[in-house]
Amino acid sequence: MSVRLAHGIGDPPADHPVAAVVALGANLGSRAETLAAAVEELRLLPLTTDVRVSAPIETVAVTLAGEDADAPRYLNAVALLRTRLAPTTLLRELHRIEAEHGRVRREKWGDRTLDLDLITYGDERIDDERLTVPHPRAHEREFVLAPWVAIDPDAVIPGRGRVDALLASVRGGAGQDAPAASADVQDAPSVGADVQDAPSVGAEGQDTP
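In this report, we go over the structure that sits alongside the text. These numbers were taken from a predicted model, which means no experiment stands behind them.

What counts and what doesn't
- Residues numbered from 1 in each chain as written.
- Predicted model: local features only at pLDDT ≥ 70, side-chain atom pairs only at ≥ 80, totals over all residues.
- Heavy atoms only, no water.
- Axes fitted to C-alpha atoms, helices over the stretch in contact; angles between N-to-C directions.
- Helix = DSSP H or I, 4+ residues; strand = E, 2+ residues; numbered from the N terminus.
- Parallel < 35°, antiparallel > 145°, perpendicular 65-115°, else oblique.
- Left-handed = near helix turned anticlockwise from the far one by under 90°.
- Contact = heavy atoms within 4.5 Å.
- Nonpolar A, V, L, I, M, F, W, Y, C, P; charged D, E, K, R; others polar.
- Salt bridge = Lys/Arg side-chain N within 4 Å of Asp/Glu carboxyl O.
- Buried < 20%, exposed > 50% of the residue type's maximum accessible area, 1.4 Å probe, protein only.

Thoughts on the packing of helix 4 (residues 142-151) against helix 5 (residues 163-170)
Item 1. At a minimum axis distance of 9 Å, the contact between helix 4 and helix 5 shows a crossing angle of 140°. Between helix 4 and helix 5, the interaxial angle falls into the category oblique. You can see that helix 4 and helix 5 cross each other, and the crossing is left-handed. Seen from helix 4, the contacting residues are Glu142, Leu145, Ala146, Trp148 and Val149; seen from helix 5, they are Val163, Asp164, Leu166, Leu167 and Val170.
Item 2. Grouping the constituent residues of the contact of helix 4 with helix 5 by class yields eight nonpolar, no polar and two charged.

Structure below.
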């Protein structure tokens, strides 16, 4: 995609690169392959560099009715990137990538082939009809916090605090360690690894944007 198409419609790009965090999840189809392909598409976005991705974790699905151990399990990861795309433009690109992988929005917190959530965009706080960042539920979702702190131990959610402290709170203050990242968390193949090797996180599923 050309730079012109990236910001020809909507908000103009930022003057300087902004650090953004994107959560990835899938519980239908070839989950690991889908996440790996999505990461490669993030790397191809215009005005976007330094895309790094965590090792994946596997989680139990959560629906509006609560945990559903019988539903397909999710594979989740977190990507860090630097971009000059405006936050609304970046969100539009995330939705485009989801659609290209067959994402259909039928029900809240339903199964999906791919979910890409914009978690943070620098230190910005946005709450309008188009976008809310930081993501309003990221601070209470272990499937976001665990892979995030594994790739960025000093990460902070603006207005919420350090990700490691939030993760400990979600886990009941038990002091559990976050799942260890792979030896090279920067490479997409870490997401494409055999999911049998992915650390499992219970009592969490993927959220809806």
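From this point, the narrative continues.
Quick word on the pattern of salt bridges
Item 1. This model, assessed by the stated rule, comprises 11 salt bridges.
Item 2. Across the salt bridge formed by Arg96 and Glu93, the nearest N and O atoms sit 2.9 Å from each other. Of the two residues, Arg96 and Glu93 are both situated in helix 3 (residues 87-100); the distance of three residues between them amounts to about one turn of the helix.
Item 3. For Arg96, a relative accessible area of 28% translates into the label partly exposed.
Item 4. Judged by relative accessible area, which is 4%, Glu93 ranks as buried.
Item 5. In this structure, a network of salt bridges that share partners links the residues Asp11, Asp128 and Arg130.

Regarding the packing of helix 2 (residues 31-43) against helix 3
Item 1. Viewed as axis vectors pointing N to C, helix 2 and helix 3 meet at an angle of 145°, and their least axial separation amounts to 11 Å. The element helix 2 and its partner helix 3 pack so that their crossing is right-handed. Only Leu94, Arg96, Ile97 and Glu100 of helix 3 make contact with helix 2, whose side of the interface consists of Ala38, Glu41 and Leu42.
Item 2. Of the residues contributing to the contact of helix 2 with helix 3, the split by class is four nonpolar, no polar and three charged.

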